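Chains, contacts and geometry: an overview
Spelled out, the chains give:
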Amino acid sequence: MDFQPTAKMERIRSEIRESLAAALPDDWQGSGFLPMDVRPEHMELARSLDRRLAAKRLLAPAWPEEFGGRGLSPFEQFALYEELGMALAPRLTTISVDLVGPVLILHGSDEQRRQHLPAIASEAAVWCQGFSEPSAGSDLTSLKTRAERKGDVYLVTGHKLWTSMAHISEWMILLARTGAEDSRGRGLSLFLLPTNSPGVTIRPIYDATNEHMLNEVFFEDVQIPVEQRIGEENKGWTYATSLLQYERGDALFTGQFRRLLDDLMRLARSNGFARSAAAAASALAEHEIDWQIGRLLTLRVVGLHAAGKLPDRESSQAKLFMSEAYQRLGVTAQRLAGQHGHLTHQDARTALGGRIVQALLSSTTATIIAGTSEIQRTIIATRGLGLPRG
Ligand SMILES: Cc1cc2nc3c(=O)[nH]c(=O)nc-3n(C[C@H](O)[C@H](O)[C@H](O)COP(=O)(O)OP(=O)(O)OC[C@H]3O[C@@H](n4cnc5c(N)ncnc54)[C@H](O)[C@@H]3O)c2cc1C
């Protein structure tokens, strides 16, 4: 596969860079928690950036033109993610564009596509993902939230956990049980639900960095019209699995990794670290190699999408490698920056606007979100290497 950038890809990159430069302040440091920056003081900027990109059809450039995209290839979509990451851009449409859109394009009804795809690509509608529950994360098919059909509606009762951005989302893509209690993956259905529906209660969870991105969501007899179910009843796990492969394979990390590495190299060159420049150079060289490998693994996933294939273990390989490599980079950054690297953005003496401590803490979640490293290894072992399940 040839991953050399084409002239078209370079043109898109410079268009994206122009939009980012126009929207972000010169000294922008973001929150360090990409791609979902929900710091309240960044909200207005995040929304205006999403809308600016949407107005130029750059929010979902790989989507068909009729749905607000530009009909470009997944490589241009990758270029967008990478540029956003490098600019530390706050982005609220991660779940909308990366997960919900592809699932609707693949499995949604015509009416669902007409209603939701342009609202995402052109108006930057914000979505969240209601999958995980208190006792169903890795073992997602054991989830208990129930959607009981009553005539033309489903009545939903249950409890979701770790729902990123639920408090600022307009819609949720919800996985709920429609089959018998012990039906596992054969009894799940996927729904589209407005988060302001009566019976929905959203409670905040503050993470180790003291940010509020995560939530728990409670459902009490929440009504969902039948036409807001994606595809067939009890086939939701098939659709959800294709969504998870998008979530795992996308370019969440390559841009932000590159930016942190570039900033650390710049600091090392200007002797900005407590450690010697030589020690820093040898540490950072390892991470440069990591980045090159992780980017190629990610591009392989993009290449499969571009060839019209649905990636499988390839997404898990990219996600596993890049999330663990990003954690290693966070540790090196903190070692190099010494005490300044421990200070948050609220302290003027901090290194890189507080991004180092933020990267270190938030990177711990990278190996959990979208399936833990253990789960990715199991996928690679069983679906990739053909090994038996333990
Ligand atoms: C920052 C963040 C954002 C998130 N956002 C969302 C969101 O928006 N929507 C959503 O639905 N979910 C979200 N999640 C939840 C995430 O998908 C789950 O946390 C993840 O799937 C792990 O599930 P769990 O937390 O229940 O851990 P568990 O599944 O209980 O796992 C605990 C430990 O046991 C290990 N383990 C479990 N099963 C196996 C096995 N079969 N083999 C080997 N090891 C195993 C795991 O690897 C892990 O180390 C988010 C999580 C984080 C951290």
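Further up the page is the structure itself.
Below you will find a few notes about this structure. Bear in mind the structure is a predicted one, so any value in this text is a computation, not a measurement.

Criteria and thresholds
- Counting restarts for each chain, with residues numbered from 1 along the sequence as it is written.
- Confidence filtering applies because this is a predicted model: local features only for residues at pLDDT of at least 70, side-chain atom pairs given and counted only at 80 or more, and all residues used for totals across whole chains, interfaces and linings.
- With hydrogens and water stripped out, all remaining heavy atoms of the structure feed into the side-chain values.
- Nearness is judged by heavy atoms alone; a residue qualifies as near a molecule or strand once a single heavy atom is within 4 Å of it.
- The term polar contact refers here to a pair of N or O atoms within 3.5 Å; inside protein, the definition further demands a hydrogen-donor-capable atom paired with an acceptor-capable atom, and it admits residues adjacent in sequence only when both atoms are side-chain atoms.
- In short, Shrake-Rupley with a 1.4 Å probe defines the accessible areas, and a residue's cover is counted only from the protein chains shown.
- For this classification, the nonpolar set comprises Ala, Val, Leu, Ile, Met, Phe, Trp, Tyr, Cys and Pro, the charged set comprises Asp, Glu, Lys and Arg, and every other residue, Gly included, is treated as polar.
- A run of H or I in DSSP becomes a helix once it reaches four residues, and a run of E becomes a strand once it reaches two; helices and strands are each numbered from the N terminus.
- Think of it in three bands: residues with accessible area under 20% of the maximum for their type are buried, residues over 50% are exposed, and the middle band is partly exposed, with areas taken using a 1.4 Å probe on protein chains only.
- Salt bridges, as used here, are contacts in which a Lys or Arg side-chain nitrogen is within 4 Å of a carboxyl oxygen on Asp or Glu.
- Pairing of aromatic rings covers Phe, Tyr and Trp, the last counted by its six-membered ring, and requires centre-to-centre distances within 6.5 Å; plane angles under 30 degrees mean stacked, over 60 mean edge-to-face, and any other angle means tilted.
- Charge-over-ring contacts are defined here by two conditions on Lys NZ or Arg CZ: a distance within 6 Å of the ring centre and an angle within 35 degrees of the ring normal.

With respect to spatial proximity, 16 residues lie near the ligand, and among them Ser138, Trp162, Ser164, Thr372 and Glu374 are the closest. Within the side chain of Ser138, an N or O atom sits 2.6 Å from an oxygen atom of the ligand. Backbone polar atom of Trp162 to a nitrogen atom of the ligand: 3.0 Å apart, as the coordinates give it. Against a free-state accessible area of 970 Å², the protein chains account for coverage of 66% of the ligand. For the shell around the ligand, the per-class residue count stands at seven nonpolar, eight polar and one charged.

Here Met165, not a glycine, exhibits a phi torsion of approximately 65°, which is positive. Within the secondary structure, Met165 is located in the loop between β3 (153-160) and β4 (171-177). We classify Met165 as buried; its relative accessible area is 0%. Here Leu352, not a glycine, exhibits a phi torsion of approximately 50°, which is positive. By secondary structure assignment, the location of Leu352 is in the loop between α9 (313-337) and α10 (355-362).

Throughout the structure, instances matching the rule amount to 23 salt bridges. Glu232 is the partner of Lys235 in a salt bridge, and the nearest nitrogen-oxygen pair spans 3.2 Å. With relative accessibility at 45%, the residue Glu232 sits in the partly exposed group. Close ionic contact of Asp347 with Arg349 constitutes a salt bridge, the shortest N to O distance being 2.8 Å. A single salt-bridge network, built from bridges that share partners, covers Arg13, Arg17, Glu82, Glu83 and Arg295.

Here we take up the packing of aromatic side chains. Throughout the structure, instances matching the rule amount to four aromatic pairs. With 5.4 Å between their ring centres and 20° between their planes, Trp127 and Trp171 make a pair best called stacked. Remark: Trp171 occurs in strand β4 and Trp127 occurs in strand β1 (residues 127-130); sequence separation between them is 44 residues. You'll find Trp127 and Trp171 in the same group, each marked buried. Summarising the aromatic geometry, the rings of Phe257 and Tyr326 are spaced 6.1 Å apart at their centres and angled 45° between planes, so their arrangement reads as tilted. With Phe257 in helix α7 (residues 254-269) and Tyr326 in helix α9, the pair connects residues that are 69 residues apart, well separated along the chain. As far as burial versus exposure is concerned, Phe257 and Tyr326 are alike and both buried. Every member of this aromatic cluster is reached through a ring pair, and the members are Phe253, Phe257 and Tyr326. A cation over a ring is seen here: Arg258 above Trp291, with NZ or CZ 4.5 Å from the ring centre. One cation-aromatic arrangement involves Arg328 over Phe321; the distance from NZ or CZ to the ring centre is 5.9 Å.

Among the structural elements, Gly272 can be located in the loop between α7 and α8 (277-306). The spatial distance from the C-alpha of Gly272 to the C-alpha of Ser96 is 39 Å, given a sequence separation of 176 residues.

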